[in-house]
Amino acid sequence: MNHDKQKFNFALDQWPVELILMIFQYLSGRDIFFSFYNTSVYLNQILKSYNHYSLNFLAITKEKFDEILSFIDLNQIIALTLSNEEFTGGQFNYFLSNYFLSYHLFSNLYSLTLHSIKITNNEYYQFVQALKQWKNLRILHLIQIHLADIDDRFTLAFHQLDQQCLVKLDHCEQLNIIPLSNRLHSWKSSCLYDIDNSFYRQQWPCLRTVKLTNLWRTSINHLFDLTPRLHSLTVECEIDKNTSPPNFRLVLDLRELIFSCQNLIFDSFIKSTGLDQLSKLNHLEIRCNTSNDEIILNGFHWEEFLSKTYLYLLKFDFYFKYFQQRDLSLTTFRTPFWLEQKQWFVASSHCPYSNNLELFTVPRFNTTMKMSRSILETTSNSFSYLNSHIHTFDYGSLVDKNNNDEHSLILHRYEHIETFEFVVQNKFDSTLYLVNRLNCLLDLNSIKTVKFDVLRGWIVNYQQIFDLLDHMPNLSKVILDTWPKKDSWLQIKQQNSRVTFIELPSIHKVNDNRLPSGLKPIFTHLFSSIKHVYLRVHYPELCYQLDRYSLPWNHLSSLQIKYFFTCDINEDQDEEQRYNQWKEILLNETLPQEVQRNFTYTDVDNKLCLWFGEKITIEQHERIEEISGGKLQKKPISCCPYRKCLLS
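Residues numbered from 1 in each chain as written. Predicted model: local features only at pLDDT ≥ 70, side-chain atom pairs only at ≥ 80, totals over all residues. Heavy atoms only, no water.

1. Regarding a nonpolar patch on the surface
Definition in use: To count toward a patch, a residue needs a relative accessible area over 30% and no salt bridge; like charges are then connected within 9 Å, while nonpolar side chains (Val, Leu, Ile, Met, Phe, Trp, Tyr) are connected within 5 Å. Areas reported here follow the Shrake-Rupley algorithm with a probe of radius 1.4 Å; residue values treat only the protein chains shown as occluding. Any carboxyl oxygen of Asp or Glu that lies within 4 Å of a side-chain nitrogen of Lys or Arg is treated as forming a salt bridge with it. Put simply, DSSP marks the helices as runs of H or I at least four residues long and the strands as runs of E at least two long, and each gets a number from the N terminus on.
Taken together, the side chains of W15, L19 and M22 define a hydrophobic patch exposed on the protein surface, amounting to about 280 Å² of accessible area. In this fold, M22 is placed in helix α2 (residues 17-24).

The structure is reproduced here in structure tokens:
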């Protein structure tokens, strides 16, 4: 194996730089680095000289984050994505703190994306200093950005941007958008308004993309008046009789239009809205939950309308709901226009929880296994294509051989399943038989996440479950819905080293006899490669046991602790105070003593996300011991001073 690798590296060393750089064009910055780094001196030199790194640091480990930024020159980065999401808690602050003296080195940074960050006052002013030095920045994309105690609502930051820099905002309602009149390029929001209604005070000549989830009783035509050069519009809420009908004649440059409506009457809708005037459309999607107009169910009619009206239309999707009493044939959708020229396919199915039927394009609206199994007729000849947008498979019980749904399942093979859910009630008669049966229904190689539940009171062979997981080579995440019986994991003889993320069941009881000893074999005996752990707890006392949980601290990359407030506390007890007191002890005492690694964190909606880095140095360790021996030692880790703890 080593000999083959040496030959492979030797062959790459003979390739010209131009050819390798052409390969780099098809890879992300992270893929480039980790695929070629340290394979040879020649390739390391190319990596050092490559000056078009686009680095997305979502879901990256802290060690790899540091490794990339310490190897390449910062002026080689043209695009950067930072996030405080669940796997990288505190990444934004970590970046600002560690590169405060190096902001000027990001001289070629062209695009910056910030994702899921609650910006504090200190972070904000550090970020302003960074923007002052990033004069080549041309795209600033902010996604789910929230502000904490920042009075100017990002105004100062926006004023630092170069005049040529465009801004994209996704669900950032707290931000002041007035300074962006000539630079706001994309806006996605929950509704057509902001905090002080500043959107309606000016024109938005640069705005090209708008996505709304709620019209908030506002005329959408007001939006059109302010955005004459709009290219893409998505309205996820229904345009009903209480909403002014849109006048698409005001936005004739639209290329993409996605909207929902009620009781669609085709001819009157076209006449009142001017939908037929949007000659530049290349993507049209219509949803209608109620309609008595038979025209919209006729493929001949749509073929004639679309052919004459939209010469550049590449993608057309629809979803219509109609009464079951009507007999509908898909013959009108089987013409060469639908099947050959456009290759647009449709299907009809039963509507869940009602007597209505559905007519929709596939695979766009065939997104659930339940809908797939209820399809009555389709113009698609490929079940793989038909089910290509279905990524979650809920199998139910794995041991029920007399499953009435199995006959309908056997007609559909789901080849794009990434999440597989099942319930275990008893021992399997044969693991091999179960694997063969599942292979007939789905591609086990595509599964990345498994979620399973073990019903209480049933005798379960956990070795059989692990044997099944071994047939999923790309499995990386396991979600446990219920806690197993104590010591039941001891049945398993061989661990699974591919799983790196585990989500544990909720912890409800302080005196649960399965904890904390029940956690130890999960990390030591079953999943030895765990890097990400998600915990849900209902009492802060449970979190005080973290020092006894035997978590894989040495190689843990992220830890998420979601705390759910309880409703059974006394009136004189402040649960928020209980949570904050536990958090202080966790961050200042428990983790420094147990982990002995550098870490950052974020706390949003009582979900604590920790991001772990390198080992603490000797000097840092001595500092921790000094602190632990000082005033912090007065706080006991093993019990809660504000409530009688069953552990003490």
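Moving on from the coordinates now.
2. A closer look at unusual backbone geometry
As a reminder of what qualifies: Classification of residues uses two cut-offs on accessible area relative to the type maximum, computed with a 1.4 Å probe and protein chains only: under 20% is buried, over 50% is exposed, and between them is partly exposed.
In the segment running from V362 into P363, the intervening peptide bond is cis, with an omega of 10°. As for its placement among the helices and strands, P363 is situated in the loop between β13 (357-362) and α13 (369-373). We note that F154 has phi near 80°; this positive angle belongs to a residue other than glycine. If you trace the backbone, F154 turns up in the loop between β4 (139-147) and α8 (155-159). Even without being glycine, H171 reaches a positive phi, approximately 55°. Topologically, H171 is positioned in the loop between β5 (166-170) and β6 (184-189). Using a relative accessible area of 31% as the deciding quantity, one classes H171 as partly exposed.

3. Side note on the environment of P352
Considering the arrangement of structural elements, one finds P352 in the loop between β12 (345-350) and β13. C-alpha separation for the pair P352 and S374, spaced 22 residues apart in sequence, amounts to 8.8 Å.

4. A few points about the packing of aromatic side chains
The cut-off we apply is this: Here a pair means two rings of Phe, Tyr or Trp (six-membered ring of Trp) with centres within 6.5 Å. Their orientation is stacked below 30 degrees between planes, edge-to-face above 60, and tilted elsewhere. Only when the NZ atom of a Lys or the CZ atom of an Arg is both within 6 Å of the ring centre and within 35 degrees of the ring normal do we say a charge sits over the ring.
All chains considered together, the criterion is met by 55 aromatic pairs. Between F266 and F305, the ring centres sit 5.1 Å apart and the planes meet at 90°, which makes this aromatic pair edge-to-face. Of this pair, F266 sits in helix α10 (residues 266-273) while F305 is found in helix α11 (residues 299-309), placing the two residues 39 residues apart along the sequence. Under the relative-accessibility criterion, F266 is labelled buried at 5%. Aromatic rings pair up to connect F266, W302, F305, Y310, F316, F318, F320, F333, F337, W338 and W344 into one cluster. Between K64 and the ring centre of F34, over which it is positioned, the NZ or CZ distance is 5.2 Å. Its end group placed over the ring of F365, R364 keeps NZ or CZ at 4.6 Å from the ring centre.

5. Concerning the side chain of S446
Rules: Under the rule applied, a polar contact is a pair of N or O atoms within 3.5 Å (in protein, one hydrogen donor and one hydrogen acceptor; residues adjacent in sequence only if both atoms are side-chain atoms). Throughout, a contact is declared for two residues whenever any of their heavy atoms are within 4.5 Å.
Looking at the secondary structure, you find S446 in the loop between α16 (431-441) and β17 (449-454). At 2.6 Å, the side chain of S446 forms a polar contact with the backbone oxygen of I417. With residues near it in sequence (within four places) discarded, S446 still touches E415, H416, I417 and E418.

6. Overview of the sheet that holds strand β21 (residues 558-563)
To be explicit about the condition: By this definition, two strands are paired if DSSP reports at least two bridges between them. Axis geometry follows a simple rule: fit a line to the C-alpha atoms, using only the stretch in contact for helices, then measure angles between N-to-C directions, giving values from 0 to 180 degrees.
Taken together, nine strands build an open sheet; the order of strands is β15-β16-β17-β18-β19-β20-β21-β23-β22 and the sheet is mixed. What marks the edges here is a single partner per strand, and that holds for β15 (392-397) and β22 (597-604). Each strand axis lies, on average, 15° off the axis of its neighbour in the sheet, ignoring direction. Relative to strand β23 (residues 607-615), helix α5 (residues 62-71) is tilted by about 55°, and along the sheet it contacts β22 and β23.

7. Quick look at the pairing of strand β1 (residues 53-56)
Short version of the rule: Looking down the strands as they point away from the viewer, one classifies a crossover as right-handed if the path from the first strand across the helix to the second runs clockwise.
In β1, alternate side chains face the same way, and those of Y53 and L55 are buried while those of S54 and N56 on the opposite face are not. Here β1 runs beside strand β2 (residues 77-83); their pairing, made up of four bridges, is parallel. The partner of N56 across the bridge, within β2, is T81. Since β1 and β2 lie parallel, the crossover through α5 that links them has a hand, and here it is right-handed.

8. Observations concerning the pattern of salt bridges
What the rule picks out here adds up to 15 salt bridges. As a salt-bridge pair, E285 and R364 come within 3.1 Å of each other at their nearest N and O atoms. One end of the pair, E285, is in strand β10 (residues 283-288); the other, R364, is in the loop between β13 and α13, with 79 residues separating them in the sequence. According to the relative accessible area criterion, E285 is buried, its value standing at 3%. What makes R364 partly exposed here is its relative accessible area of 24%.

9. A closer look at the confidence of the model for the protein chain
Worth spelling out the cut-off: The predictor attaches a confidence to each residue, and that confidence, scored 0 to 100, is pLDDT.
Here the protein chain averages 83 in pLDDT, and 83% of its residues register 70 or above. In the model of the protein chain, helix α21 (residues 618-628) stands out as the element of lowest mean pLDDT, 47, in contrast to β2, which has the highest, 97. Low pLDDT (under 50) marks residues 623-648, which in the prediction has 47 contacts with non-local residues, meaning those over four places away or in another chain.

10. Overview of helix α4 (residues 41-49)
Worth spelling out the cut-off: This arc is taken over the directions from the axis of the helix to the C-beta atoms.
Taken as a whole, α4 has its buried residues at L43, N44, I46 and L47. Relative to the axis of α4, the buried residues are bounded by an arc of 160° and lie together on one face. For α4, the exposed residues lying more than 90 degrees away from the buried face are V41, Q45 and S49.

11. With respect to the packing of α5 against helix α6 (residues 91-98)
Worth spelling out the cut-off: Should the near helix be turned anticlockwise from the far one by less than a right angle, the crossing is termed left-handed; should it be turned clockwise, right-handed. Each residue gets one of three labels, nonpolar for Ala, Val, Leu, Ile, Met, Phe, Trp, Tyr, Cys and Pro, charged for Asp, Glu, Lys and Arg, and polar for the others, Gly among them.
It is the contact of α5 with α6, at a shortest axis distance of 13 Å, that shows an interaxial angle of 35°. Between α5 and α6 the crossing geometry is right-handed. Here K62, F65 and D66 of α5 lie close against α6, whose contacting residues are Q91, Y94 and F95. Taken together, the residues of the contact of α5 with α6 sort by class into three nonpolar, one polar and two charged.

12. Side note on the environment of G396
Among the structural elements, G396 can be located in strand β15. Classification of G396 as partly exposed rests on a relative accessible area of 23%. Taking the C-alpha atoms as reference, G396 lies 9.4 Å from F452; in sequence the two are 56 residues apart. Setting aside residues no more than four positions away along its own chain, G396 makes contact with E421, F422 and V423.

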